[in-house]
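Here is how the chains run, residue by residue.
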Amino acid sequence: MKRKAVYLEGNKNLAIYVDKKNIDAIVNYIQQDQRHQKKWNYIKTIILENLRVPDVFDKEDINDECKDVYAMKFFKGQENDRIYCKRVKHATQNYIVIVASELHLKKKTQKNSSKELTLIKNIASYEYDFEE
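Fair warning: this is a prediction, and the values are worked out from it, not measured in the lab.

Chemist: What should I look at first to understand the packing of aromatic side chains in this one?
Modeler: Geometrically, a pair of aromatic rings is defined through the distance of the ring centres and the angle of the planes. Enumeration over the complete set of coordinates arrives at six aromatic pairs. On the numbers, 5.4 Å between centres and 80 degrees between planes, the contact of Tyr7 with Tyr17 is edge-to-face. Residue Tyr7 is located in strand 1 (residues 2–10), and its partner Tyr17 is located in strand 2 (residues 14–19); the two are separated by ten residues in the primary sequence. Within the aromatic cluster, the residues linked to one another by ring pairs are Tyr7, Tyr17 and Phe130. A cation over an aromatic ring shows up here: Arg3 above the ring of Tyr126, its NZ or CZ 4.0 Å from the ring centre. One residue, Arg35, lies across the ring of Phe75, its end atom 3.6 Å from the ring centre.

This is the structure in structure tokens:
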């Protein structure tokens, strides 16, 4: 399934894009208050500096087909919201892209439920064209 992704920001090695179909929901979620903005900035910094902090950004390693799906984890132990992302190599640029693909509110269980598994599998099937 071909989808479009819009550039947010990046550096010479990594870039963050947002799925164009879900951009309004994701951006509204991030900008809803200072708490969300602060957490977003923290997660964004972790991604762009290529750091490993599994409590806030980690691979959703459920099977080989979903190996490139990650989750931005907002407020674990509280609202437990997620922005599921797909990691891809940019076709024309020489860098890795993290596409914020789908917003999932209020994850209820520690393990992935069938709802999350379906969402993760769908995201794994996404292919992206990038808009600068």
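Chemist: Which parts of the structure should I look at to understand the confidence of the model for the chain?
Modeler: A low pLDDT means the predicted coordinates there should not be read in detail. Summary statistics for the chain give a mean pLDDT of 92 and a share of 99% for residues scoring 70 or more. Confidence scores differ between elements of the chain, with strand 7 (residues 127–131) showing the lowest mean pLDDT of 91 and helix 1 (residues 23–31) the highest of 97.

Analysis parameters
Chains are numbered independently. Their residues run from 1 in the order of the written sequence. In keeping with the model being predicted, local features are shown solely for residues with a pLDDT of at least 70 and side-chain atom pairs are shown and tallied solely at 80 or more, while totals for entire chains, interfaces and linings include all residues. The basis for every side-chain value is the complete set of heavy atoms in the structure, and neither hydrogens nor water enter the calculation. Whether two aromatic rings pair depends on their centres lying within 6.5 Å, for rings of Phe, Tyr and Trp, where Trp uses its six-membered ring; planes under 30 degrees apart make the pair stacked, over 60 edge-to-face, and the rest tilted. Comment: elements are numbered from the N terminus, with helices defined as DSSP H or I runs of at least four residues and strands as E runs of at least two. A ring has a charge above it when a Lys NZ or an Arg CZ is no more than 6 Å from the ring centre and no more than 35 degrees off the ring normal. Each residue carries a pLDDT score, the predictor's own confidence in it, on a scale running from 0 to 100.

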